[in-house]
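Summary of structural features
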Amino acid sequence: MRLTKEEVKHIALLSRLSLTEEEIEMFQEQLSDILTFVEKLNELDTEGIDPKFQIIPPENVLREDVPGVSFPYEKTFMNAPETDGKHFIVPKVVKK
């Protein structure tokens, strides 16, 4: 699929990019090549293939959520500018 210069300018406008004439011509060629490649992918027979198929099976990389010993309050608030012993005290940021 070949893009026109006007289409590239429109894409640049939507992307909030200001392009020179040289850049427009360069992107016209590059984007057209990308679209041509994607069109080739449409020729593949994907009948009977699960759309969520993955070659490498997904695996949960998160650790178990198990309760443990909390960090001591004294160390937690050691460098805090202001605290009441159990909470950080911070300036109010919301106006009425």
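What counts and what doesn't
Residues numbered from 1 in each chain as written. Predicted model: local features only at pLDDT ≥ 70, side-chain atom pairs only at ≥ 80, totals over all residues. Heavy atoms only, no water. Helix = DSSP H or I, 4+ residues; strand = E, 2+ residues; numbered from the N terminus. Rg over C-alpha atoms; globule rule 2.2 N^0.38 Å. Buried < 20%, exposed > 50% of the residue type's maximum accessible area, 1.4 Å probe, protein only. Contact = heavy atoms within 4.5 Å. Areas by Shrake-Rupley, 256 points an atom, 1.4 Å probe, with all protein chains shown as cover. Lys, Arg positive; Asp, Glu negative; His and termini not counted. Charge placed at Lys NZ, Arg CZ, Asp CG, Glu CD.

**Notes on the overall build of the chain**
Helix and strand counts for the chain stand at three helices and zero strands. The N-to-C order of helical and strand elements in the chain reads α-α-α. Taking 2.2 N^0.38 as the reference for a compact globule, 96 residues should give roughly 12 Å; the C-alpha atoms of the chain span a radius of gyration of 28 Å, well beyond that estimate. Burial statistics for the chain: of 96 residues in total, 8% are counted as buried. Of all intrachain contacts in the chain linking residues separated by at least 6 positions in sequence, the fraction that spans at least 24 positions is 32%. By element, 59% of the accessible surface of the chain is carried by carbon and sulfur atoms, the whole surface being about 9,700 Å². Across the chain, the 12 positively charged side chains and the 19 negatively charged ones have centroids separated by 14 Å.

**Considerations on the side chain of glutamine 28**
Within the secondary structure, glutamine 28 is located in helix α2 (residues 21-41). Given a relative accessible area of 13%, glutamine 28 falls into the buried group. Those residues in contact with glutamine 28, other than ones at most four positions away along the chain, are Arg2, Leu3, Thr4, Lys5 and Val8.

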